[in-house]
Every structure is written in structure tokens, then in C-alpha cells.
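# Close look at the chain arrangement
Each chain, letter by letter, is given below.
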Amino acid sequence: QAAAPLHPVAVQCQEAQVVVTVHRDLFGTGRLVRAADLTLGSAGCLPVAQSVAESTVTFVAGLHECGSTLQMTPDSLIYKTNLSYKPTPSSNLVIVRTNAAVVPIECHYPRKSNVSSNAVRPTWAPFRSTLSAEERLMFSLRLMNDDWSTERLSNGFQLGESLHLQADVASGDHVLLRLFVDDCVATLSPDRNSSPRYALIDLSGCLVDGRADDTTSAFISPRLRQETLQFVVDAFKFAGDDRNLIYITCHLKVSPADQAPDPLNKACSFNKASSLWAPVEGTGDICSCCETGNCPLYG
């Protein structure tokens, strides 16, 4: 795929090297980043070519070069590296106008292939003659406006209001996937393990905040689509703390859409009218562990 503002980084996994083409409109804003601020790998390798007409830069590196790492699985050899963008001040030495960014890059090569003792004819193509980069699933978690139509422009809330949160995954060419939220925790710092902390979703998909008194927190049912999960959480603050910035960190996962929801893959809300847990999809028994607290975790 050609590097373009919509897809600013293109990767070719060749037999012995990786070719990375980067569009200088890295953030899709129309502002071109400086080629000198782009490097590849922990060794900080520089681009080997630059196209002014197409506003692209190109890196070429051997699979073991530029500080790449190798991971071996039973079926694949996986070479990993990073494209790094570190903006440097230009004419104004005090400020920069873009964020630093790191783009993980992987090349997957099969460890197993077809072999034959027959002579190889020039027109014969082995079963796995083409090596390609595997797509990474792109997860997102966004604050939405009250009617879910667009992303919310402000992240400020008054107590008594509700947060409309939408989790998505871009499934691309994968089989149809169903998205779940395993857990969400609120903290006063970016570290999800810091204290104080408050669990909004826990136990592999139980919206436990909705179990508390005087809350209306719940998953939205039915879904818009299998790759999206929406939920509403009543605004809150930490008791005895005057800070007004709260971090919400969620663990998202997918399962095949044709796989029936189960206690490990579920989205359950507490219905105060019936005093029962109810799933967005699936049978009610998959939510019973939300009450007992013995749900399977991270299978």
C-alpha cells in the first residue's frame, strides 16, 4: 500500500530486508514533518531516499540491522522495529507544534512451507512465495457526545452528567470480529496500577459501576455493529481529592463474531429493576459470575 496521508506509513517485508516508506504528512493535518526528525529502530537509522514531489522518505534496512529484534514462535519468525518521530524546535527554540510518535513495525515470515524433491520450473510458484506484513488490529476508545453521532470536543464534565464511551476495533480484512471491554479502571495518574483506583468494568466484561447505588451506568444494547461497544458511566470524582483530571484505562479484546459469548467474552450490565445482570448478547447465565466474582480472567 502506497504511503499517503490516510495511511502515512507503508511497509514492505522483503526476503532479507524491510522497506519503510513514510509520508511526511504523518498526522494527516497537512503539516509536513521534517525528514531529519524520522529514524528507524533503536540504532536511529536515517532515511536512504527522499521524494520531494511525493513528500515521502524511505528507509531500507536488513532484517537484523538498525537494532531490530527477532521473536520466534512455533510457526513464524517475527522481526520487530520502530519508526520514531522526534520533533526538534525550528526557528522558535521554545516550542514545538507536533507530538513525538512511535510506530511499531513487524515483519512475519513463516517457519513452515512446502518443499518438493522435483525440479523447480521457472513458471512454478511455491505455495508461500510471497511474504507480507501482517495487519495490526487498531483499537480505539473515545468520548462521544450524548447522541453518539460524533466524538465529544470537550473532556470536561460536571457531576451529574454522563460519560458516553465508545470502544471500536478496525477489523480490516480479518474475519468479522466482536469487540469486548475486559476491564476499565479510573486513576488520578496515567499508571493504571496507581492508588487511588476505581474499577468501572471488571471480571472480564462486568460493568460493576452500574451495581453501585444511584448510578445508571450500563452498556448500550443492541450494538451498532459487532466491532463497536458503547457504554455510559455517570460522572464522578475521587473522594477527598481536589484534582479534577481522571484517567480511564481500558483493556479491549476481540473474538470471532460467530463465537457465542461466554463468561470470558461478555458485556454485562446490572439491571436495577430486576436486580439481575443482563448481557448485550448471549444467554443470561454468562453474567452470573458478575455477582459471585469468580469470572475467568484473560483466557
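Definitions and limits used
- Residues numbered from 1 in each chain as written.
- Predicted model: local features only at pLDDT ≥ 70, side-chain atom pairs only at ≥ 80, totals over all residues.
- Heavy atoms only, no water.
- Helix = DSSP H or I, 4+ residues; strand = E, 2+ residues; numbered from the N terminus.
- Contact = heavy atoms within 4.5 Å.
- Areas by Shrake-Rupley, 256 points an atom, 1.4 Å probe, with all protein chains shown as cover.
- Phe/Tyr/Trp six-rings, centres within 6.5 Å; stacked < 30°, edge-to-face > 60°.
- Lys NZ or Arg CZ within 6 Å of the ring centre and 35° of its normal.
- pLDDT = per-residue confidence, 0-100.
- Salt bridge = Lys/Arg side-chain N within 4 Å of Asp/Glu carboxyl O.
- Disulfide = S-S within 2.5 Å.
- Buried < 20%, exposed > 50% of the residue type's maximum accessible area, 1.4 Å probe, protein only.
- Core = buried A, V, L, I, M, F, W, Y, C linked by side-chain atoms within 4.5 Å.
- Pairing = 2+ DSSP bridges.
- Axes fitted to C-alpha atoms, helices over the stretch in contact; angles between N-to-C directions.

### Brief notes about the overall build of the protein
Regarding its fold elements, the protein presents 1 helix and 17 strands. Within the protein, contacts between residues at least 6 apart in sequence are counted, and of these 59% link residues at least 24 apart. A total of about 17700 Å² of accessible surface is found on the protein, and carbon and sulfur atoms cover 52% of it.

### Focus on the packing of aromatic side chains
Any aromatic ring pair is given by two values, namely how distant the centres are and how the planes are angled relative to each other. Overall, the coordinates contain 6 aromatic pairs when judged by the stated rule. Across the ring face of phenylalanine 157, the terminal group of arginine 152 is positioned such that the distance to the ring centre comes to 3.9 Å. Over the ring of phenylalanine 270 we find arginine 211, and its NZ or CZ is 4.2 Å from the ring centre.

### Remarks on the confidence of the model for the protein
For residues with low pLDDT, the predicted coordinates do not support detailed interpretation. Taken as a whole, the protein shows an average pLDDT of 85; of its residues, 84% reach a score of 70 or greater. Element-level mean pLDDT values for the protein span from 84 in strand β6 (residues 69-72) up to 98 in strand β13 (residues 218-219). The low-confidence segment residues 115-135, where pLDDT is below 50, has 18 contacts with residues more than four positions distant or belonging to other chains.

### What about the pattern of salt bridges?
The full count for this structure, using the stated rule, is 8 salt bridges. Here the salt bridges share partners, and the residues they tie into one network are Arg142, Asp168 and Arg225.

### What about the state of the cysteines?
Put plainly, a disulfide is one covalent bond tying together the sulfur atoms of two cysteines. Under the defined criterion, the tally for this structure stands at 6 disulfides. Between the sulfur atoms of cysteine 184 and its disulfide partner cysteine 250 the distance amounts to 1.9 Å. One quick way to see it: the torsion about the S-S bond of cysteine 184 and cysteine 250 is about 110 degrees, and its sign makes the bridge right-handed. With cysteine 184 in strand β11 (residues 177-187) and cysteine 250 in strand β15 (residues 247-256), the pair connects residues that are 66 residues apart, well separated along the chain. An identical accessibility class is assigned to cysteine 184 and cysteine 250; each is buried. Across a sulfur-sulfur distance of 2.0 Å, cysteine 206 and cysteine 290 are joined as a disulfide pair. As the torsion about the S-S bond is roughly -80 degrees, the cysteine 206-cysteine 290 disulfide counts as left-handed. On the criterion of sequence distance, the pair formed by cysteine 206 in the loop between β12 (197-201) and β13 and cysteine 290 in helix α1 (residues 288-292) is long-range, its members being 84 residues apart. A single burial state applies to cysteine 206 and to cysteine 290, both of which are buried.

### Points about the nonpolar core
By size, the foremost hydrophobic cluster in this structure holds 21 residues, and its most contacted members are Val20, Val22, Leu38 and Phe59. When residues in this core are grouped by element, the largest group, 4 residues, is from strand β8 (residues 101-110). Core analysis: the second largest hydrophobic core is formed by 17 residues, Leu200, Ile201, Leu207 and Phe231 among them.

### Regarding the sheet that holds β12
The 3 strands lie next to each other as β12-β11-β15, forming an open sheet whose pairing is antiparallel. Of all the strands in the sheet, the pair left with one neighbour each is β12 and β15. Here the average twist between neighbouring strands, direction ignored, is 20 degrees.

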